[in-house]
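Chain and residue survey
Below are the chains, spelled out letter by letter.
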Amino acid sequence: MTTASVARYSPRRWLDRRGIADAHPGWWLDATAGLAWVALVAWAVAEAAGPAHDISAMPGMPAVPPSAHHQHGAEAWGAHWVLMVVAMMWPLYAAPAAALRRTVFRRWQAPTIAMYLAILTVLWLVVGYLARGMYLLSAPIIPAWAWSAAWLVVAIAGLRSLWRARLLWTCQQVKTLAPCGRRALTGAATVAARAWPRCAALCGPVMVAMAAGHPLPLMVGASAAVWWEQRHPRAWRDPTPTVVLAVTLFATVSLSLIKEGPSWLM
Amino acid sequence: MAGAVRIRDDVWKLSVGTLAAARTQPWDPVLDGYARGVEAMVARDDALTADSWLWAANTHNAPPGTPANPMWKQCAHHKRFFLPWHRGYLAWFEATIQTLIGDDDWALPYWDYSDPNNPNALKVPPEFKTDKRTVNGVLVDNPLFLSTQDRPGQPDPLDVDLLPAMTPRFFVRRPPATGFGGSDGPENRGGAVETQPHDFVHGDIGGGTGFMRTTTLAARDPIFWLHHANIDRLWEVWHKLPGSVELINQGGVPAATVTEWNSAAFAFGDPGAPVVYQMHQLADTTADPLRYRYRDTDLPPNVLAAVTARRQGGPMGLDEHTPRERRWDPLAATEGVDVGTDGAQRALQFDAGQLGLAGGVPSALVIELTGVRAAADCHNVYFVDVAARDGAPTHRAGRFSTFGLSGTPADEERDYVVDASAAIPALVADNWNGRGLVVAVSPDRESGGSSEGDDGIQIRQITVLSPR
């Protein structure tokens, strides 16, 4: 590579010309999601390899006794859940975030998108805690793998629903915001709140499946399914997400039955 | 299924020509087949089977309160899927007619209301206006007939001008611009051909009371299918024009948009055994399963020359022809504009700090009207005018059709874009300082639509944008 070509493609020149603040929101969301995935993997590996490792407290542990979660507490579980939301759900919001950015003045672009993402993340967190509470109540009789498997079955069944297919068509639509000020922020919050029922209906079952535990195969499979579906919203009864979720279901059940398997997989 | 490619003909080439002849003389086999097919579909309305007339109409859209059905209310308006969805919809409808009349070679005619060589082009063909027709020497009811209450109007010459529709080179554009078929964003934006002639012709034919003025009833009018066959034909016309670029061949379109487009499929009919058209099956109309082509896909020479000139001309506002779009920034916006019978006017002060415009006037101006609703009833067409300041002369920036807002649920919204760049010289002549703009929206009272008890339209936000 010549000096000239180095100069042409230097990040500094790119930033000078485009400005990193002007990057498409999808770039930021994908980058943030990538970091969240790194954190999730590191979390899983660290827990699996840690000297004071308590297998019953792991995110992916099957058949978790409720009392065993005292060590980590709700805060740690919540932090892990938020990481999951950032890693799995934020990439889905790239197109709406870009549309929001276009409707507001430049200095209000970042705050409005941040508000939009914050509301969605908080709502997912609320759902996470509610689902977690339901799981803990049922844990004495329902093992974690069964909880996850049941919700994956619900998700797979949902893929056949004609109404769900209709919902996908409007998944990315957003309403116009005020261009600046408090009304822009409240508008972004409203847009997020209005989008929320669609998010919950489309992605809720796979997220709730992870309320009992979130082993990497389950997170990866669920993410692959929802990302694929989001990229192909008008595909008619597309078999791909069904196959992905079916494989995920098989992996989740199988790994839970392998007592000696690598713990970070579970 | 393999078979010969069928020809979709202009209805006026098939017509007997006069109302009297339509009442007494035999019809062309294509129109006769259409009438028999519609009659057979209407006869199935009581059972409401998937091959009934109401089922076909409700697949497009249905009035509020209609029982829920996952195969109904599908119409894709103000979306980039407008053209392919309607192509599949027409194909399914055509196949239904073929089955009911037992003729696999039957092809849906189109209505070329823009034909400069046909003095009757704007008129509703007489086969659709006579209440009776003669079959085997017997005068019978005409299933293609609707009363003047349900079909009061006909296209206006201004609204069937094909130049605005054919000018865009690209199928989609980044908002606020729109291409021939729509935008590449998630917003509710109609493409050039959907805006005009499609939307305007719906309003012209529907007037204030007709089926065609609302998406919820339009497909109950037998002329609807010929109107949409013409819109489908215009897609083929545009496709043939030198320089036209379909969505999948454009540069600069988000990869997600291309993936979404290529993977799209459209399902019609019985939910248990739907007829599904994959996007790749809709690209070539002469191949299975469509097997049709249009008799005429050439633009009139004068329109072709005008389109060519505009495509070769310099950029002016949204007429810029590059797949790598420039960025448009909002300069000013106002919210909550209620437009009644007297119209509404707002003075918008530009946020000069955003772009540092204090030194001059913008090179182009676009006015977006987003989140437009009609609570109950509204006019079919609205004007958008601009002025340099309050009290200064107003200049016409553009107009838009409200097809899709009347008769639909109150939360049905549309976004409209008006390119006001052509008005900049007039604004400058009025000593415009470029630091603000007066935007006025008013109903076109000649356009038909509401005249009494007009609730007007509500605009969530009017935004003025300028290129960066």
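Along every chain, residues carry numbers that run from 1 in the direction the sequence is written. To label them, take the chains in the order written and letter them from A, then take the ligands in the order written and number them from 1. Residues qualify for local features only when their pLDDT is at least 70, as the model is predicted, and side-chain atom pairs are given and counted only at 80 or more; totals for whole chains, interfaces and linings, by contrast, use all residues.

Moving on, we come to the overall build of chain A. Helix and strand assignments follow DSSP, with helices taken as H or I runs no shorter than four residues and strands as E runs no shorter than two, numbered in order from the N terminus. The secondary structure content of chain A amounts to 11 helices and 0 strands. Put simply, chain A runs from its N terminus to its C terminus through helices and strands in the order α-α-α-α-α-α-α-α-α-α-α. Buried positions account for 41% of the 266 residues belonging to chain A. By the convention adopted here, residues are in contact when the distance between their C-beta atoms, placed from the backbone, does not exceed 7 Å. Taking as baseline every contact in chain A between residues at least 6 positions apart, the subset at least 24 positions apart corresponds to 79%. Burial is judged by counting the other C-beta atoms within 10 Å of a residue's own C-beta: 20 or more makes it buried, 12 or fewer makes it exposed, and any count in between marks it as partly exposed, with every C-beta position built from the backbone.

On to unusual backbone geometry. The omega torsion of the bond from B:Gln196 to B:Pro197 falls at 15°, within 30 degrees of zero and hence cis. You can see B:Pro197 is positioned in helix H7 (residues 192-206). With omega at 5°, the peptide bond leading from B:Asp288 into B:Pro289 counts as cis. Assignment of secondary structure puts B:Pro289 in the loop between helix H10 (279-282) and strand S8 (292-294). A positive phi is found at A:Arg237, a non-glycine position, where the angle reads about 45°. In this fold, A:Arg237 is placed in the loop between helix H10 (216-231) and helix H11 (239-257). For A:Arg237, a count of 14 C-beta atoms within 10 Å translates into the label partly exposed. Of note, the phi angle at B:Lys73 is positive, near 55°, even though the residue is not glycine. Relative to the helices and strands, B:Lys73 is located in the loop between helix H4 (53-60) and helix H5 (82-101).

Before going further, it helps to spend a moment on the pairing of strand S13 (residues 394-401) of chain B. Residues and elements named next belong to chain B. Two strands pair if DSSP finds at least two bridges between them. In this structure, strand S12 (residues 381-387) lies alongside S13, joined through 7 bridges in antiparallel fashion. Paired with Ala 387 across the bridge in S13 is Thr 394. Counting the residues in the hairpin turn of S12 and S13 gives 6 residues, including Gly 391, whose phi is positive at 90°.

Residue and element names in this part refer to chain B. When you tally the buried positions in strand S14 (residues 414-419), you get 5 out of 6 residues, the bulk of the element. Judged from the 5 bridges that link them, strand S11 (residues 366-373) and S14 form a sheet pairing that is antiparallel. Looking across to S14, one finds that Glu 368 is bridged to Val 417.

Looking now at helix H8 (residues 222-240) of chain B. A helix is expected to span 1.5 Å for every residue after the first. Compared with an ideal rise of 1.5 Å per residue, which puts 19 residues at 27 Å, H8(B) spans 28 Å between its outermost C-alpha atoms and is within 8% of the ideal. In terms of burial, H8(B) is largely enclosed, as 16 of its 19 residues are buried.

Residues and elements named next belong to chain B. The domain boundaries here were taken from an automatic or database domain assignment. Split by domain assignment, chain B resolves into domain 1 (6-305) and domain 2 (328-467). Relative placement of domain 1 and domain 2: their C-alpha centres are 30 Å apart. Contacts between domain 1 and domain 2 engage 23 residues on the former and 22 residues on the latter. Residues are sorted three ways: Asp, Glu, Lys and Arg are charged, Ala, Val, Leu, Ile, Met, Phe, Trp, Tyr, Cys and Pro are nonpolar, and all the rest, Gly among them, are polar. Looking at side-chain class alone, the side of domain 1 that touches domain 2 contains 5 nonpolar, 13 polar and 5 charged residues.

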